[in-house]
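# Residue-level structural notes
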Amino acid sequence: MVFVNIAGALADLYTLQEHDQELDKIKEEQERLEPELVEAREKWADLAARLAQLKERYLTLQHEYKQNDLEIQDMAAKRKKAEEEQMQSSSVREQTQYENRIQQFSTRIDELTELTMPILEEMERLAEQIKELEDEMAQLKPELDSLEAANAERVAKLEDGYQAKLAKREQMAASIPKNLLREYQAIRRARKGVGVAIVVAKAGVYRCSACSVQLPPHVAQRVYQGQQAIRCSSCGRLLWKGPEQQ
Ligand SMILES: [Zn+2]
């Protein structure tokens, strides 16, 4: 592919790259959070995680408690029925049988009641801890909210500048040949935000300004001729002869 004036297009591309790098810097700046906000977010996340854990444990215990309670109610109902039947019965043998069943129900009720006690105690402790954590979070919330609001404002302000620069950038990009632009963008994505590099000539030695590799004289020669797009043999970036060689 031959361009009529590739050198001019590369010069434009180099200027475009400066804009792209400024845009990258704004994006980075937007991502850079105040240490206070990072700290508050971490603290919040930590409290929320601990709270979720406690609530989960509380629900498990609550379930166990309900299961026990249901079984106690069931045993109590069965015991009551056996007691009623015992009263209706006149046979001594039956009386004894009922007595045994009633005893079995009572033993199970005692067992379940004993199991329930520590569950209730732990639930009570958990409820206190949950309350403490919720209080701590409620205390942190206004500080976190105001830090988040300040950050959102900061990001929005940067975004205004970003959009203005981006519009200008798109305007510049429109005058650059599409193929060259696409190639530049692909290289830039793969190569740390630098898609086009300058040839630096010093004491008869030519180097790629991006990766510093020494370029063979015939490669440098072709870049200076500006007949076609030449890429650095080492880093693959597009090479431009630079402003001094215009
Ligand atoms: Zn290079």
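See the structure shown above.
Our subject in this report is the structure included herewith. (Residues numbered from 1 in each chain as written. Predicted model: local features only at pLDDT ≥ 70, side-chain atom pairs only at ≥ 80, totals over all residues.)

## Looking at the overall build of the chain
Helix and strand counts for the chain stand at five helices and four strands. Going from N to C terminus, the chain has its helices and strands arranged as α-α-α-α-β-β-β-α-β. Here the C-alpha radius of gyration of the chain, 39 Å, is well above what a compact globule of 246 residues would show, namely 18 Å. Seen along its three principal axes, the alpha-carbon backbone of the chain occupies a region of about 120 × 40 × 35 Å. (Helix = DSSP H or I, 4+ residues; strand = E, 2+ residues; numbered from the N terminus. Rg over C-alpha atoms; globule rule 2.2 N^0.38 Å.)

## Some thoughts on helix 4 (residues 178-190)
Taking 1.5 Å per residue as the helical rise, helix 4 with its 13 residues ought to reach 18 Å, and the 18 Å between its terminal C-alpha atoms agrees with that figure. Taken together, the buried positions of helix 4 are occupied by Leu180, Tyr184 and Ile187. Down the axis of helix 4, the smallest arc covering the buried residues is 70°, so these residues share one side. Opposite the buried face of helix 4, by more than 90 degrees, sit the exposed residues Lys178, Asn179, Arg182, Ala186, Arg189 and Ala190. Of the surrounding secondary structure, the elements contacted by the buried residues of helix 4 are helix 1 (6-31), strand 1 (196-202) and strand 4 (238-240). (Expected span 1.5 Å × (residues − 1). Buried ≥ 20, exposed ≤ 12 C-beta atoms within 10 Å, placed from the backbone. Arc of directions from axis to C-beta. Contact = placed C-beta atoms within 7 Å.)

## Brief notes about the pairing of strand 1
Every other side chain in a regular strand lies on the same face of the sheet, so the side chains alternate between the two faces. Pairing between strand 1 and strand 4: three bridges, direction parallel. The partner of Ala197 across the bridge, within strand 4, is Leu239. In terms of strand pairing, strand 1 meets strand 2 (residues 205-208) through four bridges, oriented antiparallel. Paired with Val199 across the two strands is Cys208, which belongs to strand 2. Where strand 1 folds back on strand 2, the antiparallel hairpin that results is connected by two residues, among which Ala203 adopts a positive phi of roughly 50°. (Pairing = 2+ DSSP bridges.)

## Some words on the pairing of strand 2
Where burial is concerned, the two faces of strand 2 differ: the one with Tyr206 and Cys208 is buried and the one with Val205 and Arg207 is not. Two strands pair when backbone bridges link them, and strand 2 and strand 3 (residues 214-215) are joined in this way by two bridges, in the antiparallel orientation. In the sheet register, Arg207 faces strand 3, and the bridge partner there is Gln214. Between strand 2 and strand 3, which pair antiparallel one after the other, the connecting turn spans five residues, and Ser212 there sits at a positive phi close to 70°.

## Some details on the packing of helix 1 against helix 3 (residues 92-173)
One can describe the packing of helix 1 onto helix 3 by two numbers: an axis separation of 10 Å at closest approach and a directional angle of 165°. In this view, helix 1 runs roughly antiparallel relative to helix 3, as classed from their interaxial angle. The handedness of the crossing between helix 1 and helix 3 comes out as left-handed. Where helix 1 abuts helix 3, its residues Asp12, Thr15, Leu16, His19, Asp20, Glu22, Leu23, Ile26, Glu29 and Gln30 lie against Val155, Leu158, Gly161, Tyr162, Lys165, Leu166, Lys168, Arg169, Met172 and Ala173. Of the residues that constitute the contact of helix 1 with helix 3, the class distribution is nine nonpolar, four polar and seven charged. (Axes fitted to C-alpha atoms, helices over the stretch in contact; angles between N-to-C directions. Parallel < 35°, antiparallel > 145°, perpendicular 65-115°, else oblique. Left-handed = near helix turned anticlockwise from the far one by under 90°. Nonpolar A, V, L, I, M, F, W, Y, C, P; charged D, E, K, R; others polar.)

## Quick notes on unusual backbone geometry
Its identity as a non-glycine residue notwithstanding, Ala203 has a phi of 50°, on the positive side. Relative to the assigned elements, Ala203 resides in the loop between strand 1 and strand 2. The backbone of Ser212 sits at a positive phi, close to 70°, despite the residue not being glycine. Topologically, Ser212 is positioned in the loop between strand 2 and strand 3. For Ser212, a count of 11 C-beta atoms within 10 Å gives the class exposed.

## With respect to the sheet that holds strand 4
Ordered by their spatial adjacency, four strands build an open sheet running 3-2-1-4, and the pairing between neighbours is mixed. Each having just a single partner strand, strand 3 and strand 4 make up the two edges of the open sheet.

## Considerations on the nonpolar core
Val199, Leu238 and Leu239 are the most contacted members of the largest nonpolar core, which has 24 residues in total. Those elements that provide at least two residues to this core are helix 1, helix 4, strand 1, strand 2, helix 5 (217-225) and strand 4. Broken down by element, the residue count for this core peaks at five residues, all from helix 1. When near neighbours in sequence (up to four residues on either side) are disregarded, Val199 contacts Tyr206, Cys208, Leu215, Ala220, Val223, Leu239, Lys241 and Gly242. (Core = buried A, V, L, I, M, F, W, Y, C linked by C-beta atoms within 7 Å.)

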